[in-house]
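What the coordinates show
What follows is each chain in one-letter form.
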Amino acid sequence: MKKTKRILAWIGIILLIAMYGSTLLFALIDHSKTQGFLKASIACTIFVPVLLYAYTMFYRFSHHDSGEDEDDENKF
């Protein structure tokens, strides 16, 4: 379980870096179509982390009854 969490965390990190990089790239390019891409990129940099956080909170609340999460918390 920890290995899959780490893999998903790395995928999330790479996705966020790509979104921030694309936002910077679209901000620097002066073209008529990039303004729409810039707005979409800024929206994604806000909404994707919020949705991921909401998903993890929902997952924690829905799987709270299983003893799997409690064992991980007691290790620290």
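Everything below is about the structure printed above this text.
From a predicted model like this one, the values you see are computed outputs, not experimental measurements.

**Regarding helix H2 (residues 34–62)**
Here H2 spans 41 Å end to end across 29 residues, near enough to the 42 Å set by a 1.5 Å rise per residue. Helix geometry: H2 is bent most strongly at Cys44, by close to 25°. Inspection of H2 places Thr34, Ser41 and Thr45 among the buried residues, and these make up the whole buried set. For H2, the elements touching its buried residues are helix H1 (2–28).

**Examining a nonpolar patch on the surface**
A cluster of nonpolar side chains, Ile42, Ile46, Phe47, Val50 and Leu51, forms an exposed patch at the surface whose accessible area comes to about 490 Å². One can find Phe47 in helix H2.

About the thresholds
- Residues numbered from 1 in each chain as written.
- Predicted model: local features only at pLDDT ≥ 70, side-chain atom pairs only at ≥ 80, totals over all residues.
- Heavy atoms only, no water.
- Helix = DSSP H or I, 4+ residues; strand = E, 2+ residues; numbered from the N terminus.
- Expected span 1.5 Å × (residues − 1).
- Bend = angle between axes of the 7 residues up to and from the residue.
- Buried < 20%, exposed > 50% of the residue type's maximum accessible area, 1.4 Å probe, protein only.
- Contact = heavy atoms within 4.5 Å.
- Patch = residues over 30% accessible without salt bridge, like charges linked within 9 Å, V, L, I, M, F, W, Y side chains within 5 Å.
- Areas by Shrake-Rupley, 256 points an atom, 1.4 Å probe, with all protein chains shown as cover.
- Salt bridge = Lys/Arg side-chain N within 4 Å of Asp/Glu carboxyl O.

Just distances and angles here, no functional claims.
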